Amino acid sequence: MVRVIQLTPDFAVAGQLSEADFVEIAAQGFKSILANRPDGEEPTQLSANRSRELALAAGLAFQFLPLRMADVLEPATADATRAALNAMPGPMLAFCRSGTRSAIAWASAAAQVAPVEEVIATLERADFAIAGIADELRARAARHL
């Protein structure tokens, strides 16, 4: 089973999922999957289409929002992530290669509606190394006010 990192009661992140993980994720009470890993990063990873099939078979809602690391703090990413959070039932599990892109995309979206210092603290409690992005999150949150 993939390691799940809970950020909030309704949102968690993980690294690349295997075929067996989808049933286990549903058994843990998750209702939705947000796939942030672009197809083709590694030859052995599940495709978005296969992930969708497995998610739906396990009774999970599914959305594919592929992200490159360079895009995780972009306003369009924050907006798309927030739209997914609002559209799909929780709790939601987002995944990418390691969980980092998904966590930062969540932080970018969350910083639009929650105090940015609380968002940063959430990432730090989950042991994400965010020193390089904390100032960018603060700046983007300030522009969003």
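Conventions and cut-offs
- Residues numbered from 1 in each chain as written.
- Predicted model: local features only at pLDDT ≥ 70, side-chain atom pairs only at ≥ 80, totals over all residues.
- Heavy atoms only, no water.
- Helix = DSSP H or I, 4+ residues; strand = E, 2+ residues; numbered from the N terminus.
- Rg over C-alpha atoms; globule rule 2.2 N^0.38 Å.
- 1 Å grid on protein atoms, 1.4 Å probe; cavity = no way out; pocket = protein on both sides within 12 Å on 5 of 7 lines; lining within 4 Å.
- Points joined across faces, edges and corners; volume = space filled by probe spheres on them.
- Nonpolar A, V, L, I, M, F, W, Y, C, P; charged D, E, K, R; others polar.
- Buried < 20%, exposed > 50% of the residue type's maximum accessible area, 1.4 Å probe, protein only.
- Contact = heavy atoms within 4.5 Å.
- Pairing = 2+ DSSP bridges.
- Axes fitted to C-alpha atoms, helices over the stretch in contact; angles between N-to-C directions.

Asks: Break down the overall build of the chain for me, citing the residues and quoting the values.
Replies: Counting its regular elements, the chain contains six helices and five strands. If you list the helices and strands of the chain from N to C, you get β-β-α-β-α-β-α-β-α-α-α. For the chain, whose C-alpha radius of gyration is 14 Å, the value lies close to the compact-globule estimate of 15 Å for 145 residues. Its C-alpha atoms put the chain at 40 × 30 × 25 Å along the principal axes.

Asks: I'd love a proper account of empty space enclosed by the protein, names of residues and values included.
Replies: Across all of its chains, the model carries one cavity of 30 Å³ or more by this definition. There is about 40 Å³ of room inside the largest cavity. Lining the largest cavity, in full, are Q16, A35, R37, D39, Q45, L46, S47, A48, S51, F64 and F95. Each residue belonging to the lining of the largest cavity can be placed in one class, and the counts come to five nonpolar, four polar and two charged.

Asks: Which residues make up the side chain of S51, and what values do they have?
Replies: Inspection of the secondary structure assignment puts S51 in helix 2 (residues 48–57). For S51, a relative accessible area of 1% corresponds to the buried category. Once residues within four sequence positions are removed from consideration, S51 is found in contact with F22, L46, F62 and F95.

Asks: For the sheet that holds strand 2 (residues 11–14), give the residues involved together with the corresponding values.
Replies: Strand order in this open sheet of five strands is 1-2-5-3-4, and the pairing throughout is mixed. Each edge of the open sheet carries a strand with a single partner, namely strand 1 (4–8) and strand 4 (61–64). In this sheet, adjacent strand axes meet at a mean angle of 20 degrees when their direction is disregarded.

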